[in-house]
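Close look at the chain arrangement
If you want the building blocks of each chain, they are given just below.
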Amino acid sequence: MIVETLPPGFLLWLGAALLPLLPQRLRGPATILFPLLALVRVWGLTEGVHLSVPYLGQELVLCQSDGLRRVFGMIFALIAVLGGIYSLHVRSLGQQAASLLYAGGGLVVAFSGDWLTLFLGWEVMAVASACLIWARRTPEASAAGLRYVLVHLLGGSLLLAGICLQVAETGSLAVTAFAPGASAAAWLALAGVAVNVALPPLHAWLPDSYPKATATGSVFLSAFTTKTAVLVLALLFPGWGILVPLGVMMTLYGVTYAILANDIREVLAYHIVSQVGYMVAGVGIGTELGINGAAAHAYSHILYKALLFMGAGAVLETTGRTHMADLGGFARRSPAVLVLYMVAAFSISGVPLFNGFISKSAVVAAAAETHRTISVVLLLLASVGTFLSVGLKLPYLTWFGPDRGIRPTKPPPNMLVAMGITAFLCFLYGVWPDLLYRDLPYPMPYRPYTGAHLAEAIQLLLFTFLAFWWMRKKFAGERKISLDTDWLYRRPGAAAAGLAVGAVNALFGAGERFAEGAARGLAEAARNPAAVLGSRSSSPPPDPDRHRLPLGVSLALTLVALVVLAVWGLLRLGA
């Protein structure tokens, strides 16, 4: 069967290719079926190479599995299924195909064993994800999508440069880890991956674009680009010490801007930066517990972050608004969305019995195990900010704030079904950690449910809640813009565009106007030379009809010419 031979990502690409051939009523179910087939395929993969093809004396490894790749492949396929259920009501062929291409690209990268296959999946992801932003069809989405594409072109170019240098140095296409600080190839590849992992100051594309995507598209966006980059970091740069402080910085940077933001999806987007920082730090620590913690937190993050964006999408779908200054006072009218959202909020905040508690703490434990005390303190501090913004500020202002007369409609049933399944998984993994731990790349000795860890978590959550309640009026949603690093290229970018594009357009416009004027002059001269010559004298211009023959004479001459031609033709035939 084709399911048993094609790599998981190529199954989704096959589904995207077949979608236009299906009746509209079957396209939605197909966006669930093909990810399910991919999930079955991932579930059956054992360690080793499963598909390779020869290419120019090299070998393209289209499907290579190990413990790390498999755990990422499982969650990528699973979230594609849940995203398909969530977007079942969407009728846009473009969005449906883009979501399959995007998820397929993530799976292709996850199981690629050679540089060419990895780069192919990487670039397909960039194009397909941009389509999910543009699908919103607003001026803001169009502009954000363009900026998104330009940034990812830069990242892809850096990654490709690193790949080319690496292949030139080693003579092999095989994907292998770089030794710390090994070569220019390694640093170029790291810079390219850093763009996709949203490492500040290269992160601004994420909070700029994700809030402007469609309600369903943002669910897919939250799952793949940054987490695929985390997997590539773990494959190529495990144990690179520079990643630890960079990851810790990400956690604090993202959570700070999330507290300042007032658009629901912008808050959640900044928290992607923050949460991915834990994963980057785990990869940098590089121990078995550090890699396990990064993989476990990526798995948990994809589930609860997708659920958070599902909740935000449901608010957008039912109210048409996402800014907290416009929302509030409709908790009783939207209880299901609120409850399911809070499951995700508790998960990301590290509340016991939810999946964030059993994964984020593994990264903190890895930092403590390697005696990185400052990193431990700062990672815990970032957890406080997460609960403050996502677990308290956002739901309070969105559902419980002042009543602004909003009367939300009912969300499509498939949205609630997808949210319910995702929320159940967040809780299931939280109360049964071994369900995830047993699939991690290394044996997992860490146990999250200890008295010390529970006491620490409860204290942090309790004091954060008390601080928020005391200062809750200070958190009122306001219409403001928080300047981020994108200001550095947006402002000069406008001037550069004016110089590089505007000046060129003006030059070509002048040339076009000159050519049009010259063409009109030549046409006028050819039509009536006497008028052109007469216009140069001081006397009145001559009448253009002055030298024309009468119409009757013209007709007579035409008839005579026809008769002469007819007679000549008859004589030729007779000859």
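Just above, that's the structure.
These notes cover the structure that comes with them. (Residues numbered from 1 in each chain as written. Predicted model: local features only at pLDDT ≥ 70, side-chain atom pairs only at ≥ 80, totals over all residues. Heavy atoms only, no water.)

1. Some remarks on the overall build of the protein chain
Secondary structure summary: the protein chain contains 22 helices and 2 strands in total. Burial analysis of the protein chain (575 residues in total) assigns 52% to the buried set. Sequence separation of 24 or more characterises 81% of the internal contacts of the protein chain that already satisfy a separation of 6 or more. For the protein chain, the accessible surface area stands at approximately 25400 Å², while carbon and sulfur atoms represent 69% of it. (Helix = DSSP H or I, 4+ residues; strand = E, 2+ residues; numbered from the N terminus. Buried < 20%, exposed > 50% of the residue type's maximum accessible area, 1.4 Å probe, protein only. Contact = heavy atoms within 4.5 Å. Areas by Shrake-Rupley, 256 points an atom, 1.4 Å probe, with all protein chains shown as cover.)

2. Let's talk about the nonpolar core
Of all hydrophobic cores here, the largest spans 164 residues; its most connected members are Phe 224, Phe 237 and Leu 303. Those residues in contact with Phe 224, other than ones at most four positions away along the chain, are Phe 76, Ile 79, Ala 80, Tyr 102, Ala 103 and Met 125. (Core = buried A, V, L, I, M, F, W, Y, C linked by side-chain atoms within 4.5 Å.)

3. Quick word on the environment of Ser 87
Its place among the elements puts Ser 87 in the loop between helix 3 (67-86) and helix 4 (93-111). With residues near it in sequence (within four places) discarded, Ser 87 still touches Thr 216, Phe 220 and Asn 414.

4. Some points on the packing of helix 1 (residues 8-18) against helix 4
Look at helix 1 against helix 4: their axes get within 7 Å of each other, and the N-to-C directions meet at 160°. By the angle between their directions, the pair helix 1 and helix 4 is classed as roughly antiparallel. The element helix 1 and its partner helix 4 pack so that their crossing is left-handed. Contact residues: Pro 8, Gly 9, Phe 10, Leu 12, Trp 13, Gly 15 and Ala 16 in helix 1; Ala 97, Leu 100, Leu 101, Ala 103, Gly 104, Gly 105, Leu 107, Val 108 and Phe 111 in helix 4. (Axes fitted to C-alpha atoms, helices over the stretch in contact; angles between N-to-C directions. Parallel < 35°, antiparallel > 145°, perpendicular 65-115°, else oblique. Left-handed = near helix turned anticlockwise from the far one by under 90°.)

5. A short note on the pattern of salt bridges
In this structure the tally under the stated criterion is 6 salt bridges. Taking the shortest distance from any N to any O, the salt bridge between Asp 439 and Arg 70 comes out at 3.7 Å. Pair noted here: Asp 439 is in the loop between helix 18 (434-437) and helix 19 (451-470) and Arg 70 is in helix 3, with a separation of 369 residues, a long-range link. The closest approach of N and O atoms between Asp 208 and Arg 147, which form a salt bridge, is 2.8 Å. Of the two residues, Asp 208 sits in helix 8 (residues 205-209) while Arg 147 sits in helix 6 (residues 139-170), which places them 61 residues apart along the sequence. Under the relative-accessibility criterion, Asp 208 is labelled buried at 4%. Overlapping salt bridges, with partners in common, bring together Arg 147, Asp 208 and Lys 212 in one network. (Salt bridge = Lys/Arg side-chain N within 4 Å of Asp/Glu carboxyl O.)

6. Re the packing of helix 3 against helix 13 (residues 288-319)
How two helices sit against one another is set out by the angle between their axes and by the gap between those axes. One way to put it is that helix 3 packs onto helix 13 with a least axis distance of 10 Å and a crossing angle of 10°. In terms of orientation, helix 3 lies roughly parallel with respect to helix 13. Counting all contacts with helix 3, which are made through Leu 68, Val 71, Phe 72, Met 74, Ile 75, Phe 76, Leu 78, Ile 79, Leu 82 and Tyr 86, the residues of helix 13 involved are Ile 291, Ala 295, Ala 298, Tyr 299, Ile 302, Leu 303, Ala 306, Phe 309, Met 310, Gly 313 and Ala 314. Among the residues forming the contact of helix 3 with helix 13, the class breakdown is 20 nonpolar, 1 polar and no charged. (Nonpolar A, V, L, I, M, F, W, Y, C, P; charged D, E, K, R; others polar.)

7. Quick notes on the pairing of strand 2 (residues 58-65)
Along a regular strand, successive side chains alternate from one face of the sheet to the other. Relative to strand 2, strand 1 (residues 48-55) runs antiparallel, the two sharing 7 bridges. In the strand pairing of strand 2, Val 49 is matched with Gln 64. Where strand 1 folds back onto strand 2 in an antiparallel hairpin, the turn is made up of 2 residues, including Leu 56, whose phi is positive at roughly 50°. (Pairing = 2+ DSSP bridges.)

8. A word on the packing of aromatic side chains
Taken as a whole and assessed by the stated rule, the structure comprises 21 aromatic pairs. Ring centres 6.5 Å apart and planes at 50° place the aromatic pair Phe 330 and Trp 399 in the tilted group. One end of the pair, Phe 330, is in the loop between helix 13 and helix 14 (335-348); the other, Trp 399, is in helix 16 (residues 373-400), and 69 residues separate them in sequence. Note on Trp 399: relative accessible area 2%, which makes it buried. (Phe/Tyr/Trp six-rings, centres within 6.5 Å; stacked < 30°, edge-to-face > 60°.)

9. Points about a nonpolar patch on the surface
A grouping of Leu 353, Phe 427, Val 431, Trp 432 and Tyr 449 is seen on the molecular surface, where their side chains present a nonpolar patch of about 450 Å² in accessible area. Overall, the relative accessible area of 42% leaves Trp 432 in the partly exposed class. (Patch = residues over 30% accessible without salt bridge, like charges linked within 9 Å, V, L, I, M, F, W, Y side chains within 5 Å.)

10. Some words on the environment of Gly 48
Looking at where Gly 48 falls in the secondary structure, it is placed in strand 1. Judged by relative accessible area, which is 24%, Gly 48 ranks as partly exposed. With residues up to four places along the chain from it excluded, the contact list for Gly 48 reads Cys 63, Gln 64 and Ser 65.

11. Notes on helix 15 (residues 355-369)
Side chains that are three or four residues apart share a direction in an α-helix, a result of its 3.6 residues per turn. Across its 15 residues, helix 15 extends 22 Å between first and last C-alpha, which sits within 8% of the 21 Å expected from 1.5 Å per residue. Burial of helix 15 is extensive: 12 of the 15 residues sit out of reach of the surface. By the burial criterion, the buried members of helix 15 are Asn 355, Gly 356, Phe 357, Ile 358, Ser 359, Lys 360, Ser 361, Ala 362, Val 363, Val 364, Ala 366 and Ala 367. (Expected span 1.5 Å × (residues − 1).)

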